[in-house]
Number of protein chains: 2
Amino acid sequence: MNSPALKTALAYHEAWTGKDFERAMTYIADDIVCDAPAGRIEGADAYRAFMGPFVGMLVRAEIIAAFGDDDTAVLMYDTETVPVKRAPGAECVTVENGKITYSRFIFDRAPFEAARRAAT
Amino acid sequence: MNSPALKTALAYHEAWTGKDFERAMTYIADDIVCDAPAGRIEGADAYRAFMGPFVGMLVRAEIIAAFGDDDTAVLMYDTETVPVKRAPGAECVTVENGKITYSRFIFDRAPFEAARRAAT
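Summary of the structure given here. This structure is a prediction, so every number in the text was calculated from the model and none was measured.

What counts and how
Residues numbered from 1 in each chain as written. Chains lettered and ligands numbered in written order. Predicted model: local features only at pLDDT ≥ 70, side-chain atom pairs only at ≥ 80, totals over all residues. Heavy atoms only, no water. Least-squares fit on C-alpha atoms with pLDDT ≥ 70 in both. Contact = heavy atoms within 4.5 Å. Helix = DSSP H or I, 4+ residues; strand = E, 2+ residues; numbered from the N terminus. Buried < 20%, exposed > 50% of the residue type's maximum accessible area, 1.4 Å probe, protein only. Polar contact = N/O pair within 3.5 Å; in protein donor to acceptor, adjacent residues only side chain to side chain. Phe/Tyr/Trp six-rings, centres within 6.5 Å; stacked < 30°, edge-to-face > 60°.

For these two chains of identical sequence, chain B goes onto chain A by a turn of 180 degrees and a shift of 0.0 Å along the axis, with RMSD 0.0 Å. Here the symmetry operator amounts to a two-fold rotation axis. Using C-alpha coordinates, one finds that chain B approaches the rotation axis most closely at Asp108 of chain B, a distance of 1.9 Å. By residue overlap, the copies meet face to face through one surface: 100% of the interface positions of chain B are interface positions in chain A.

What follows concerns the environment of Phe112 of chain B. Within the element layout of this structure, Phe112 of chain B appears in helix α4 (residues 110-119). Spatially, the C-alpha atoms of Phe112 of chain B and Pro83 of chain B are 6.8 Å apart, while their sequence positions differ by 29 residues.

Turning our eyes to something else, we now look at the environment of Pro111 of chain B. Examined against the element boundaries, Pro111 of chain B turns out to sit in helix α4. Residue classification places Pro111 of chain B among the partly exposed positions, given a relative accessible area of 23%. Each C-alpha atom of the pair Pro111 of chain B and Pro83 of chain B lies 8.4 Å from the other, and the pair is 28 residues apart in sequence. In contact with Pro111 of chain B, other than residues within four places in its own chain, are Arg109 of chain A together with Val84 of chain B.

On to the side chain of Glu91 of chain B, then. With respect to the element layout, Glu91 of chain B can be found in strand β5 (residues 89-96). At 2.5 Å, the side chain of Glu91 of chain B forms a polar contact with the side chain of Tyr77 of chain B. Other than its neighbours up to four places away in sequence, Glu91 of chain B contacts Met76 of chain A together with Tyr12, Trp16, Ala73, Val74, Leu75, Tyr77, Ser103, Arg104 and Phe105 of chain B.

Our next topic: the packing of aromatic side chains. Scanning the entire structure with this criterion turns up 17 aromatic pairs over all chains. Look at Phe107 of chain B and Phe112 of chain B: their rings are 5.9 Å apart centre to centre, the planes differ by 90 degrees, and that puts the pair in the edge-to-face class. Residue classification places Phe107 of chain B among the buried residues on the basis of a relative accessible area of 15%. Joined through ring pairs, the aromatic side chains of Tyr12, Trp16, Tyr47, Phe50, Phe54, Tyr77, Phe105, Phe107 and Phe112 of chain A make up one cluster.

Dropping the structure here:
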């Protein structure tokens, strides 16, 4: 593991997929900017409000690929969630001083929207 | 560039984002398996039918991150398409003998479905 950014990204990933969301948040910078499918999320409080509910419905996760260099890491992973059985995601994060300051987050919202429609 | 897989992944990416889809297809194995948001795509013909229309509506693309090792590469990129202005994607590909044999492909279908609904 010679990528400091990947080390942080994996520690963050291990924490939230292990349902230790408070530990996960220790890797998130106070002024994080996250470009997610629904738009830009700014600040740790907004990030918590975005990510917390997802962690709450997580069943399991499995890493597909993990790469990084000094300040950037990319993770791709599969997740199983309560509403959606197969919900893979990809994150490209910028890490500064052991904290994630920027995250580009990609996943498919379509099955989550379909599950929401089916539930109402 | 010391990752043979990334070299192939970038050559493929450069070809399709440059609208040279036939050259792009030369990097796709005949028996490619692609796990895409809508499900599994098997074989180069099916992959062509999946990817061709997307290339047709591509306006521009920009790489966000690119990493790889001997046989695996991950690309994350932003695209602008005719129906959807900001449509980022991520691919994790397995490369054998200079051809992509497996692709895990993540993007958000939600804005494409919304554009389709708005058009009808």
